[in-house]
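Structural characterization, general
Next come the chains, spelled out residue by residue.
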Amino acid sequence: MDFSAFYNILAKYNSYIVTSHIVPDGDGIGSVLAMMLALQKAGKNAVAVVRDTVPDKYIFLPYARTIKKDFDGKYDVIISLDCGDEERLGFEKPLKDLGKIVVNIDHHKSNTFFGDINIIDCHASSVGEILYHIIKDLTIIDMDIATNIYTSIITDTGSLRYSNTTPSCLRILAELVEKGVKPDFISRQVFEKRSIESVNLIKMALNTLEILSDGMLACIFITKEIMEKSGAKEEDTDGIINYAREIEGVEVAVLFKEKEEGLIKVGFRSNDWIDVSKIAEEFGGGGHARAAGCTLKATLNETRENVLNSVKKYLAREKS
Ligand SMILES: [Mn+2]
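Here's what I pulled together on the structure shown here. (Residues numbered from 1 in each chain as written. Predicted model: local features only at pLDDT ≥ 70, side-chain atom pairs only at ≥ 80, totals over all residues. Heavy atoms only, no water.)

Looking at the overall build of the chain
Scanning the chain from N- to C-terminus turns up 11 helices and 11 strands. Taken over the C-alpha trace, the chain has a radius of gyration of 20 Å; the compact-globule value for 320 residues is 20 Å, and the two agree within 12%. With the principal axes as the frame, the chain shows a C-alpha extent of 55 × 40 × 40 Å. Across the 320 residues in the chain, those meeting the buried criterion constitute 52%. In the chain, the proportion of contacts linking residues at least 24 apart, taken out of those at least 6 apart, comes to 64%. Here the chain has roughly 14600 Å² of accessible surface; of this, 48% comes from carbon and sulfur atoms. If the 39 positive side-chain charges of the chain are averaged to one point and the 48 negative ones to another, these points end up 2 Å apart. (Helix = DSSP H or I, 4+ residues; strand = E, 2+ residues; numbered from the N terminus. Rg over C-alpha atoms; globule rule 2.2 N^0.38 Å. Buried < 20%, exposed > 50% of the residue type's maximum accessible area, 1.4 Å probe, protein only. Contact = heavy atoms within 4.5 Å. Areas by Shrake-Rupley, 256 points an atom, 1.4 Å probe, with all protein chains shown as cover. Lys, Arg positive; Asp, Glu negative; His and termini not counted. Charge placed at Lys NZ, Arg CZ, Asp CG, Glu CD.)

Next up, the structure:
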């Protein structure tokens, strides 16, 4: 990829806001921190801003505690990472009002190209992978940057288990481990720490499991009531959809999450032959072929009905 437009920006401007989507994940947080640290090493004034709470499991990341929820004043450049559309960044004002130039670096196929400069690589496993290439020509990748990029890549590839695990991302990880990153330490922080509340959430969520379409479709429902009774945090719902996806014979897994009455978040995963980003797009969402999502303003029952009918149609059509 050609990053010259981005390097030209760096030569010209001094102050940067680095941001990512709300409901942050490992790629969002890891890439925001890697970019902020690289800019600071290059002598820039760079601030990380994420308009949401940083999940506990990412607090170990170098400089995670410096991430701000908001900022004052106007900065030269706003860099958006891992975010398909401007709205998902969660700012009240349009990005144009927050900075002079908007740089949009992402790997979602559904990206709306909302930046003045858009670096979109749908083949990259994660934004961390794209940033590795950008940063290595900008400064020396130290342990702090390496740890953040490593975390971006292993979280977005589900610990190197998903189809976006490519030779190029494995090579990058090898280089990062050579720099001193400890894979076992990061895996423990990110994948192997659970609160009792999060285990209770899994227990209750699994009770709602339904199998449809001759075993090809599995869905799980997390109602507001389940969230309240379990005492779990929003971030604890992460990964629960995989219990549905991993069932033998299942092609599409759907997770319905009731954010509030009349507002349902729907997550989709597929294993092999259904492009779930197309289904999510039908409902105004987007994502990747194997992982996508959308948010609907309707009751849980209405959403269930509409979404599952659509998934069933895809399954019936693509199978024949
Ligand atoms: Mn990502």
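Things to note about the packing of helix α4 (residues 143–156) against helix α5 (residues 167–178)
Viewed as axis vectors pointing N to C, α4 and α5 meet at an angle of 150°, and their least axial separation amounts to 10 Å. Here α5 runs roughly antiparallel to α4, going by the angle between their axes. The crossing of α4 and α5 is left-handed. Residues Ala146, Ile149, Tyr150, Ile153 and Ile154 of α4 form the contact with α5, whose participating residues are Cys169, Ile172, Leu173, Leu176 and Val177. When grouped by side-chain class, the residues that make up the contact of α4 with α5 number 10 nonpolar, no polar and no charged. (Axes fitted to C-alpha atoms, helices over the stretch in contact; angles between N-to-C directions. Parallel < 35°, antiparallel > 145°, perpendicular 65-115°, else oblique. Left-handed = near helix turned anticlockwise from the far one by under 90°. Nonpolar A, V, L, I, M, F, W, Y, C, P; charged D, E, K, R; others polar.)

Here we look at the coordination of the manganese ion
In this structure, Asp27 (OD), Asp82 (OD), His107 (NE2) and Asp156 (OD) serve as the protein donors to the manganese ion, at separations of 2.1 to 2.3 Å. Counting along the primary sequence, the residues that act as donors to the manganese ion give the motif D-x54-D-x24-H-x48-D. Here Asp27 is found in helix α2 (residues 26–41), whereas its partner Asp156 is found in helix α4, with 129 residues between them in sequence. Taking the relative accessible area as the measure of exposure, Asp27 reaches 0% and is therefore buried. Exposure remark for Asp156: the relative accessible area of 17% places this residue in the buried category. (Donors = N, O, S within 2.8 Å, 3.2 Å for Na, K, Ca; no water.)

Keep in mind these values describe shape, not function.
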